[in-house]
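# Structural overview
So the chains spell out like this:
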Amino acid sequence: MWTKQRKRVVSIVLVFFLMGAAAVYVEKSEGALQGNELTRGEPGSGLQEETLYYELEQEGEQYALELQIPARKLSGEEWDELLSQASEEAELSFLGENTSADHVSGKVELCETLQHGLVQVTWMITPDNLIDMEGRIQEEQLMGEGGTVAMVTAELSCGDYRADYEFPICIYPEEKSREGWLAQQIYDYIRQQEEFLPVIELPEELDGQKVSWKYPRTYTLWIFAGLGVVAAVCMSLTEKERQRRDYKQRNKRLLMDYPDIVSRLGLLLEAGMSLPMAWERLSQNYERKRKDKERRREGYEEMLITLHELQDGMGERRALEQFGERCGVAQYRRFASILTQNMRKGTAGIGAVLSKEAADAFLQRKNMAQKMGEEAGTKLLFPMMLMLLVVMVILIVPACMTIQI
């Protein structure tokens, strides 16, 4: 019994075999060779190139042969029929957008072929100075306002056959719109002035009406105003993003200081110091170290502010509550709450409470440090990829340059 995989393989092979057979059939059916007869290309198709193999019956050896077969020529009857169609197409094609040969006022089309490329055409216009090589009317050569009669000759050719087709046209100046007519009047007025004059005088009156001149309206002011608004919005968003980033970094630094503050304060309280004395001791030690150019620590900065509030006469409970609110972090609020509760109940057992809080804080700090390390590794991934790409270029480019092709 065949497995599914074998059936799939056989099906694929069969499909490709049928596709190949269909391709061979199409090639043979569309080829020019049928038996010992070659089909010529239709008139106008150009030279036909065929590569064939022939074999002699007795020798049994194949020989290659390259043939160049000219396209089929037209018969006299076919040329007469084609000439009639090409003559009609020549006149219609020549007129272009003009509606009639009796009134030609726009650009004419001087095409090179007719009847889908079968017939070549050469144009002759008598007089030859009325229309240029691109089909534009030369208005300065026309005779007055009326039409100027010209004879158009189309020399039609296809292979050995030649014929001329003639038809008359009446050429008129281009019909300008009112705007074009006014522009022409202005150009004529300027052209009449001396070229050596340093100033060009523009007409003060056109078509019996006074003219006022001014530059086109520009929106430069509004563009710059819009750019200013966009810049202001971008600056505002950038400032908000900077404040958010600074606030986030400040909270991180507060959390890094929290275990150290809790553990040190707990040790001083267990050693017999009162809360105000222990607070003052930690704050003054930090202040002294900071004067020795030690780095700024956000948690101890807030403790210094609270110490100054106590020295100014603020109540201990109120100062501790404001300390927790100022820090804005849940851990510091809980720390302030622990201290205010123990102030009401007494300092007995506060050391153990702070020791447990410090242990939890050190664990949180460890987890936060691990997370920051992972984030740093992720941020370094892109620069490392760039460095790898540079190293690969340094290694591969010289190797490619030394390869002898």
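Relevant structure appears above.
Below: a short report on this structure. (Residues numbered from 1 in each chain as written. Predicted model: local features only at pLDDT ≥ 70, side-chain atom pairs only at ≥ 80, totals over all residues. Heavy atoms only, no water.)

## A closer look at unusual backbone geometry
Geometrically, the link from Thr126 to Pro127 is a cis peptide bond, its omega value of -5 degrees lying close to zero. A positive phi angle is found at Gln115, which is not glycine, with a value near 50 degrees. Tracing the sequence through the fold places Gln115 in the loop between strand E5 (113-114) and strand E6 (119-126). (Helix = DSSP H or I, 4+ residues; strand = E, 2+ residues; numbered from the N terminus.)

## Notes on the environment of Tyr258
Mapped onto the elements, Tyr258 comes out in helix H4 (residues 220-270). Counting along the chain gives 99 residues from Tyr258 to Glu357, while the straight-line C-alpha distance between them is 9.8 Å. Residue contacts for Tyr258: discarding those within four places in its chain leaves Gln331, Tyr332, Phe335, Glu357 and Ala361. (Contact = heavy atoms within 4.5 Å.)

## Some words on a nonpolar patch on the surface
Judged by side-chain polarity, Tyr219, Leu221, Trp222, Ile223, Phe224 and Leu227 come together as a nonpolar surface patch covering roughly 780 Å² of accessible area. Here Phe224 shows up in helix H4. (Patch = residues over 30% accessible without salt bridge, like charges linked within 9 Å, V, L, I, M, F, W, Y side chains within 5 Å. Areas by Shrake-Rupley, 256 points an atom, 1.4 Å probe, with all protein chains shown as cover. Salt bridge = Lys/Arg side-chain N within 4 Å of Asp/Glu carboxyl O.)

## Quick look at empty space enclosed by the protein
As enumerated under the stated definition, the model contains one cavity of 30 Å³ or more in all. The calculated volume of the largest cavity comes to roughly 50 Å³. In terms of lining residues, the largest cavity is bounded by Leu275, Pro276, Trp279, Leu310, Glu316 and Leu320. Elements supplying a minimum of two residues to the lining of the largest cavity: helix H5 (275-291) and helix H7 (316-327). The dominant element in the lining of the largest cavity, judged by the number of residues it contributes, is H5, at three residues. (1 Å grid on protein atoms, 1.4 Å probe; cavity = no way out; pocket = protein on both sides within 12 Å on 5 of 7 lines; lining within 4 Å. Points joined across faces, edges and corners; volume = space filled by probe spheres on them.)

## Overview of the sheet that holds strand E8 (residues 161-171)
Whether parallel or antiparallel, the strands of a sheet pair through hydrogen bonds between backbone atoms. Read across the sheet, four strands follow the order E5-E6-E7-E8 without closing on themselves; strand pairing throughout is antiparallel. Whereas interior strands pair on both sides, the edge strands pair on one side only; in this sheet they are E5 and E8. Direction of pairing for strand E7 (residues 148-158) relative to E8: antiparallel, over a ladder of eleven bridges. By the bridge assignment, Glu155 is partnered in E8 with Asp164. Here helix H2 (residues 76-95) sits on the sheet in contact with E5, E6, E7 and E8, set at roughly 25 degrees to E8. (Pairing = 2+ DSSP bridges. Axes fitted to C-alpha atoms, helices over the stretch in contact; angles between N-to-C directions.)

Read these as spatial facts, not as claims about activity.
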